[in-house]
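Listed below, chain by chain, are the residues.
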Amino acid sequence: MVNTGLNYRTFGDSKLLTGMIFRELKIIAKTCLVTRNIYRILTIILLSGMPAVYKAVQADNLPELGEAATQYLNSQQEEDIGQQFLRELLGQENYVSDPELRDYLNQLGRKIGLNAGLRGITLHFNLLQENELNAFAVPGGYITFNTGLLLTTETESELASVVGHEIAHLSQRHLPRMVAKAQAAKLPTTAAIIASILLGGQAGVAGVTLASANVISNQLAYTREFEREADAIGMKLLADSGFDPKAMADFFNKLQRFSAVSSKDVPEFLRTHPLSYTRIAESESRQSAYPATSHNSSFEFLLAKAKIRAIYWGRAEEAIGILKEEVAKEQGVEKDASQYGLAIATTRLRDYTAAKEMIMPLVIKYPETPAIQIALAEISKQSGATEDAVEIYQKLVEQHPEKTYIKYYYLDTLIEHGDALAAKKIARHQLRRTPDEFRLYRSLARANVELDNLVEAHQADAEYLAAIGRYRAAIASLKLALRDNADNSQYLSQSIESRITSLERLAADVKQRQDQG
């Protein structure tokens, strides 16, 4: 057992504390077999949150819990942590950038979040291509799901139960409260405890073991307290949002069965959200307080699952086999959703004729459903009929101007069709309206390359890279823009140099924090 013997009163400055906590995090990460990518993400979170953590360690008098949570990690600091996390997440190879799937998750999450009293937190939902069953929330409103979890949910209410649970962790500010709890106990190994808390769940509990046996029971109890609180609030959110409250207990039971089948392959969700028979029983008892609700899963939910099955789970041949079985045995909208997925999986095999035959009956049956029309457009584009695809997307944009995600598909199709100028105009217009849609910079960069506007292409590329925290790469792109400024525009050069200076400051700040470790 490792015991550093560190006492929070011995820390004279934040740099020393940063280094100590960083070393603790390295030990915990290795002990808990945390993957390299996740360890990297956790490192960014830890370093970006250090001013708040240092403040927590310095404090001698603990205020009331709610006040303590705000004192140690305020809303702005939580948002900073979340943005750093998102930037790292976007750099992962298994990040799912599919605009349609992200839009579905965000629409579902915001519907539930309306009832959560989030006090200014804006929810952002992301998806990772992982068969592991897991979901997790990061301060600032960032919630991530694995594709495996979505495929495991049988109903939209089950998925909503996980969404509600994760939103509850954010609305109740569990991470700041865990920092406050650790400080309240005046633990002698504060650095190890805070690093463990940032790892979260069972990994955090395992990390605490490295500090002292006395901490284990306290941290376990507090983790379970938060899980029960998230369950209770999550179930209320389910009911308030029109979903079936008993879906939470149903999903818990399903996860428990997974665990019972193989103790060596416990779902990741159970590792990060410790589940006991007591929690299941409490959920089953709690649901009796709500009136019985019958909620039919939306067509969008079924389509999202079918698309994940078709693209993000296994080989195309395997997906086709499963989807064919579902088409044969299902009825109604479930059957139609599986046929939609089958058409997409068949497109992966480049059998465009067969794919189009599968999707056309659905196109006629669901003329107002964007996902079906998008599937047809993508089949057309990939088969070389880009003019048909442009026409479909143009009509979709006109029918659904509020659905920004359709424009991503539209822009890519315009560029492939040879109309990069139109794509550039649309991208720039949309970025002025929604500057937070930084992914549009990739389309803008691509359009400028096609138009041989290399300076603007490098600038757009730099803005995308900066948005995901790759400051050095962004600076390199801007230096290429300076090099390619053939017109020698002084105003343009000054603008680019000014942006380089601001990015260099950000890059230097990140390096300094990393060097402290």
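Residues numbered from 1 in each chain as written. Predicted model: local features only at pLDDT ≥ 70, side-chain atom pairs only at ≥ 80, totals over all residues. Heavy atoms only, no water.

Draft legend 1. Local environment of the side chain of K305. Residue position: K305 is located in helix α16 (residues 299-312). Here K305 sits buried without a salt bridge, and the closest side chain of opposite charge, E326, lies 6.8 Å off (N-O distance). (Helix = DSSP H or I, 4+ residues; strand = E, 2+ residues; numbered from the N terminus. Buried < 20%, exposed > 50% of the residue type's maximum accessible area, 1.4 Å probe, protein only. Lys, Arg positive; Asp, Glu negative; His and termini not counted. Salt bridge = Lys/Arg side-chain N within 4 Å of Asp/Glu carboxyl O.)

Draft legend 2. Representation of the confidence of the model for the protein chain. Of all residues in the protein chain, 72% attain a pLDDT of 70 or more, and the chain-wide mean is 79. Under a pLDDT of 50 for its full length, residues 1-22 has, in the predicted model, 61 contacts with residues more than four places off or in other chains. (pLDDT = per-residue confidence, 0-100. Contact = heavy atoms within 4.5 Å.)

Draft legend 3. Local environment of the side chain of H169. In this fold, H169 is placed in helix α8 (residues 156-171). There is a polar contact of 3.1 Å between the side chain of H169 and the side chain of H165. (Polar contact = N/O pair within 3.5 Å; in protein donor to acceptor, adjacent residues only side chain to side chain.)

Draft legend 4. Examining the pattern of salt bridges more closely. Applying the stated criterion across every chain yields a total of 15 salt bridges. Residue D484 is joined to R483 by a salt bridge in which the shortest nitrogen-to-oxygen separation is 3.0 Å. Connected through shared salt-bridge partners, D98, E100 and K307 make up one network.

Draft legend 5. Seen up close, the packing of aromatic side chains. Tallying each qualifying case throughout the model produces four aromatic pairs. Relative to F145, the ring of F125 has its centre 6.2 Å away and its plane inclined at 20°; by these criteria the two rings are stacked. Highlighted residues: F125 in strand β1 (residues 124-128) and F145 in strand β3 (residues 142-146), separated in sequence by 20 residues. An identical accessibility class is assigned to F125 and F145; each is buried. One Lys or Arg, R309, reaches over the ring of W313 and ends 4.8 Å from the middle of that ring. (Phe/Tyr/Trp six-rings, centres within 6.5 Å; stacked < 30°, edge-to-face > 60°. Lys NZ or Arg CZ within 6 Å of the ring centre and 35° of its normal.)

Draft legend 6. Structural detail: the packing of helix α24 (residues 440-450) against helix α25 (residues 454-467). Running from amino to carboxyl end, α24 crosses α25 at an angle of 165°, the nearest separation of the two axes being 8 Å. Looking at the two axes, α24 sits roughly antiparallel to α25. Between α24 and α25 lies a crossing of left-handed hand. On α25, the residues that touch Y441, R442, L444, A445, N448 and V449 of α24 are E456, A457, A460, D461, E463 and Y464. Among the residues forming the contact of α24 with α25, the class breakdown is seven nonpolar, one polar and four charged. (Axes fitted to C-alpha atoms, helices over the stretch in contact; angles between N-to-C directions. Parallel < 35°, antiparallel > 145°, perpendicular 65-115°, else oblique. Left-handed = near helix turned anticlockwise from the far one by under 90°. Nonpolar A, V, L, I, M, F, W, Y, C, P; charged D, E, K, R; others polar.)

Draft legend 7. Region of the structure containing helix α23 (residues 420-433). Taking 1.5 Å of rise per residue, 14 residues should cover 20 Å, and α23 covers 20 Å from first to last C-alpha, within 8% of that figure. If you check which residues of α23 are buried, you get A420, A423, K424, A427, Q430 and L431. Taken down its axis, α23 places every buried residue within 140° of arc, on the same side. With respect to the buried face of α23, the exposed residues turned more than 90 degrees away are K425, R432 and R433. (Expected span 1.5 Å × (residues − 1). Arc of directions from axis to C-beta.)

Draft legend 8. Expanded view of the sheet that holds β3. Judged by pairing direction, the sheet is mixed, and its three strands sit side by side in the order β1-β3-β2 without closing on themselves. Looking at which strands have only one partner, the edges of the open sheet turn out to be β1 and β2 (135-138). Between one strand axis and the next, the sheet turns by 20° as a mean value, whatever way the strands run. One ladder, built from four bridges, connects β2 with β3; its direction is antiparallel. The residue bridging F136 from the neighbouring strand is T144, located in β3. Packed onto the sheet, helix α6 (residues 99-113) meets β1 and β3 and runs at close to 135° relative to β1. (Pairing = 2+ DSSP bridges.)

Draft legend 9. Local environment of the nonpolar core. Residues F145, I167, Y340 and I359 are the most contacted members of the largest nonpolar core, which totals 87 residues. Considering each element in turn, this core owes the most residues, nine residues, to α16. In this structure, Y340 is in contact with E100, L303, A306, K307, I359, L362, A371, I372 and A375, ignoring residues within four places of it in sequence. Ranked by size, the runner-up nonpolar core spans 14 residues in total, among them A462, A466, A474 and I475. (Core = buried A, V, L, I, M, F, W, Y, C linked by side-chain atoms within 4.5 Å.)

Draft legend 10. Molecular detail of the environment of S493. With respect to the element layout, S493 can be found in helix α27 (residues 490-515). With 12 residues separating them in the primary sequence, S493 and A481 have C-alpha atoms 8.7 Å apart. In this structure, S493 is in contact with L482 and N485, ignoring residues within four places of it in sequence.

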